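Next come the chains, spelled out residue by residue.
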Amino acid sequence: MTGGQTTRFAPAPTGRLHLGHLANAIYVWGLARRSGGRVLLRIEDHDRQRCRPEYEAALLGDLDRLGLAADEPSTDELRAGPSSYRQSDNGAVYVAAFERLATATDVYACDCSRTTFAAWRARNDRAWTGPGCPGDCLARGLDRRPGLLLRASLGDRDERWDDLLLGARSGPVSPDGDLPVSDRNGNWTYAFCVVVDDTRHGVDLVVRGEDLVDATPAQIRLARRLGRATPPRFAHHPLIRGPDGSKLSKADGATAIGARLDAGHTREELFGEAAAMVGLLDDPRPITFDEALHLLA
Ligand SMILES: [Zn+2]
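Structure report, in brief. What you see is a predicted model; the values in this text were computed from it and never measured. (Residues numbered from 1 in each chain as written. Predicted model: local features only at pLDDT ≥ 70, side-chain atom pairs only at ≥ 80, totals over all residues. Heavy atoms only, no water.)

## Overview of the coordination of the zinc ion
Of the protein atoms, only C110 (SG), C112 (SG), C133 (SG) and C137 (SG) coordinate the zinc ion, at distances of 2.3 to 2.4 Å. For the zinc ion, the four donor atoms in the first shell make angles of 103 to 115 degrees at the metal, so the coordination geometry reads as tetrahedral. Here the donor residues of the zinc ion share one chain and are spaced in sequence as C-x1-C-x20-C-x3-C. Of the two residues, C110 is situated in strand β3 (residues 107-110) and C137 in helix α6 (residues 137-140); the sequence distance between them amounts to 27 residues. (Donors = N, O, S within 2.8 Å, 3.2 Å for Na, K, Ca; no water. Tetrahedral: all angles 85-135°; square planar, octahedral: opposite > 155°, others 65-115°. Helix = DSSP H or I, 4+ residues; strand = E, 2+ residues; numbered from the N terminus.)

## Structural notes on the environment of D283
Looking at the secondary structure, you find D283 in the loop between α10 (267-277) and α11 (289-294). Under the relative-accessibility criterion, D283 is labelled exposed at 55%. Taking the C-alpha atoms as reference points, D283 and G272, separated by 11 residues in sequence, lie 8.2 Å from one another. (Buried < 20%, exposed > 50% of the residue type's maximum accessible area, 1.4 Å probe, protein only.)

## Observations concerning the packing of aromatic side chains
Two descriptors summarise a pair of aromatic rings, namely the distance from one centre to the other and the angle between the planes of the rings. By the definition in use, this model includes seven aromatic pairs. With a centroid separation of 5.3 Å and an interplanar angle of 40 degrees, the aromatic rings of F98 and W188 are classed as tilted. On the criterion of sequence distance, the pair formed by F98 in helix α4 (residues 91-104) and W188 in the loop between β7 (179-182) and α7 (190-200) is long-range, its members being 90 residues apart. Like F98, the residue W188 is buried in the burial classification. An angle of 85 degrees between the planes, with centres 5.3 Å apart, marks the rings of W120 and W128 as edge-to-face. Note on accessibility: W120 and W128 belong to one class, buried. Members of the aromatic cluster, joined through ring pairs, are F9, W29, F271 and F289. (Phe/Tyr/Trp six-rings, centres within 6.5 Å; stacked < 30°, edge-to-face > 60°.)

Here is the structure:
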């Protein structure tokens, strides 16, 4: 291990904190500690339609109740006002990054809809695969306007990386078309924001759930196109599963942290449950956060 890696805990305030976040926190803080590194807290509220300030307030409150403190910033700093660590406070950063990207590669408006993809599939008897898009929008040179997404041409071929938890991995950069960097509502996309943020915040270890493995090649390529010589390392951990092996989501009320604490469950019970749900413990039992981190040692 190289020492002193910087990683981040980066929830989106689109709902309440749940056991999946807690499992992620164990890996984020655990791997940071293992490398002698540090954890940043980032509010990923790039989606203006889905994020709400009351969810952010609840999320910060839940972190405090759990005793989860990032090295930077504190929850009080985030409550106090605008922050470098809240995406909605940094609009100019993404505009500047977009302009930089547009000088490095083709960025274009795309009016492809589900219908376009379905029509392509019907004509070709297989699903569309990238790069580009089925409507050939790059060649059409559409005007950028509300209602159209923006894609960045990142080329083809695979990117490979040495995943800290999964080992050597590789995958296509444009599995289902060129990467969208702005959605139809004009929001910068998750992929674009995290690459810009990880670069500007000096994050060199990204710790997240396995559901994002397929998004990784495009993010590595995008980081390079934005001028980052060495993309971050990645660690993709298991997602939480119910006792029957089913995937749990924040829609499952039983996993909501705030509600569980309100009902009298201890944070140690919740840490133990989260650790068991990702296979770090055989059976749930109350453990401190510190004990949970040592499960990764
Ligand atoms: Zn298109």
